[in-house]
Amino acid sequence: MNHKAVILGANYYIGLSVIRGLGRNNVHVVAVDYQKEGTYGFHSKYVSEKLVAPHYRRNTEEYIQFLIDYAKAQDHKPVLFPCADPYVEVVDAHLDELRKYYLINQVEQGLFTKLMDKNSLHDIAVEHNVLVPETIRVDEEDFLVKVQEKIGYPCIVKPSDSPAFVEVFRYKMFKVNNTSE
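Throughout this document, residue positions are counted from 1 along each chain, in the order its sequence is written. Where totals are concerned, whole chains, interfaces and linings use all residues; where local detail is concerned, this predicted model gives features only for residues with pLDDT of at least 70, and gives and counts side-chain atom pairs only at 80 or more. Computation of side-chain values: all heavy atoms of the structure, hydrogens and water removed.

(A) Representation of the packing of aromatic side chains in the model. Classification of ring pairs uses Phe, Tyr and Trp, with its six-membered ring standing for Trp, and accepts pairs whose centres are within 6.5 Å; under 30 degrees between planes counts as stacked, over 60 as edge-to-face, and the remaining range as tilted. What the rule picks out here adds up to 8 aromatic pairs. With 5.6 Å between their ring centres and 65° between their planes, Phe165 and Phe174 make a pair best called edge-to-face. Accessibility here uses a 1.4 Å probe with only protein chains present; expressed as a share of the type maximum, an area under 20% marks a residue as buried, one over 50% as exposed, and anything in between as partly exposed. Under the relative-accessibility criterion, Phe165 is labelled buried at 14%. Overall, Phe174 belongs to the partly exposed group, its relative accessible area being 31%. Each member of the aromatic cluster is reached from another via a ring pair, and the members are Tyr34, Tyr56, Tyr63 and Tyr87.

The following block contains the structure:
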């Protein structure tokens, strides 16, 4: 295969899974992260190149330029894989720029960000007849009564904004066994 796979987020299990999945299929894998420390995806035997880039949030413009410069140096457009929500947001915000140099499986700027928000994702899934779990939103009237009557316990509490939730609680969701939890 001529197109390299550029994985954004080698310090997260999704990035490592993508690295392994592509590497096992003999794809040239390029792992990109903003630091070496804690970046366990860099240690995968399937990584062909390890790149330390500027921080995607603190130095966004330098980060985007780093990605563009890397892609320009390749013989074929690399395929870009943002593997965690913050990388998805950055790619989404700079989609038009990055699309000139990368193969990206998104055609509509803003779509990735909409899909990251669990409320939007739910609405889009329902609109396209995709089966979704029973969902009750915290801003619904009689929220706790609906949870008890429609879903029951135990149930899963999952945020609509995962990055903000994880930043505070360090978990992506909670299993709750009763109303007080």
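(B) The sheet that holds strand 4 (residues 79–82), seen in detail. Read across the open sheet, the 4 strands follow the order 3-2-1-4; overall the sheet is parallel. Across the chains shown, the open sheet's two edge strands, defined by having one partner strand only, are strand 3 (47–52) and strand 4. For this sheet the average axis-to-axis angle between neighbouring strands, irrespective of direction, equals 20°. Two strands qualify as a pair provided DSSP detects at least 2 bridges between them. Strands are runs of DSSP state E lasting at least 2 residues, helices are runs of H or I lasting at least 4, and numbering of each runs from the N terminus. By the bridge criterion, 5 bridges tie strand 2 (residues 29–33) to strand 3 in an arrangement that is parallel. In the strand pairing of strand 3, Val30 is matched with Glu49. Contact definition: two residues touch when any of their heavy atoms are within 4.5 Å. The convention used is that axes are lines fitted to C-alpha atoms, helices contributing only their stretch in contact, and that angles between N-to-C directions extend from 0 to 180 degrees. Here helix 2 (residues 60–72) sits on the sheet and contacts strand 1 (5–8), strand 2 and strand 3; the angle it forms with strand 3, its principal contact strand, is near 145°.

(C) Quick look at the nonpolar core. By nonpolar core we mean a set of buried residues, namely Ala, Val, Leu, Ile, Met, Phe, Trp, Tyr and Cys, connected to one another through side-chain atoms within 4.5 Å. In terms of nonpolar packing, the biggest core is built from 22 residues, with Val6, Leu8, Val32, Tyr63, Leu80, Leu98 and Tyr102 touching the most fellow members. Of all the secondary-structure elements, those providing two or more residues to this core are strand 1, strand 2, helix 2, helix 3 (85–93) and helix 4 (95–99). Once residues within four sequence positions are removed from consideration, Leu80 is found in contact with Val6, Leu8, Val91, Leu98, Tyr102, Leu103 and Ile104. Judged by nonpolar contacts, the second largest core, of 11 residues, contains Ala5, Leu22, Phe42 and Cys83.

(D) Representation of a nonpolar patch on the surface within the structure. Only residues whose relative accessible area exceeds 30% and that form no salt bridge enter a patch; like-charged residues are grouped when within 9 Å of one another, and nonpolar side chains (Val, Leu, Ile, Met, Phe, Trp, Tyr) when within 5 Å. Here the Shrake-Rupley method, with its probe set to 1.4 Å, supplies the accessible areas, and only the displayed protein chains count as covering residues. What counts as a salt bridge is simple: a side-chain nitrogen of Lys or Arg found within 4 Å of a carboxyl oxygen of Asp or Glu. A cluster of nonpolar side chains, namely Val157, Val168, Phe169, Tyr171 and Phe174, defines an oily patch on the protein surface of about 480 Å² accessible area. Along the chain, the position of Val157 falls in strand 5 (residues 155–157). A relative accessible area of 37% means that Val157 is categorised as partly exposed.

(E) Spotlight on the pairing of strand 2. In terms of burial, strand 2 is largely enclosed, as 5 of its 5 residues are buried. Because side chains alternate across strand 2, one face comprises the buried residues Val29, Ala31 and Asp33, and the other comprises Val30 and Val32, equally buried. Direction of pairing for strand 1 relative to strand 2: parallel, over a ladder of 4 bridges. Residue pairing across strands places Ala5 opposite Val29, the latter belonging to strand 2.

(F) Broad picture of the side chain of Asp92. Tracing the backbone through its elements, the reader meets Asp92 in helix 3. Excluding residues that lie within four positions of it along the chain, Asp92 makes contacts with Gln106, Glu108, Gln109, Gly110, Leu111, Phe112 and Thr113.

(G) Spatial organisation of the pattern of salt bridges. Throughout the structure, instances matching the rule amount to 6 salt bridges. Residue Asp123 pairs with Arg137 through a salt bridge whose shortest N-O separation is 2.8 Å. Of this pair, Asp123 sits in helix 6 (residues 118–127) while Arg137 sits in the loop between helix 6 and helix 7 (143–151); the two residues are 14 residues apart in sequence, bridging distant segments of the chain. Its relative accessible area of 40% is what places Asp123 among the partly exposed residues.

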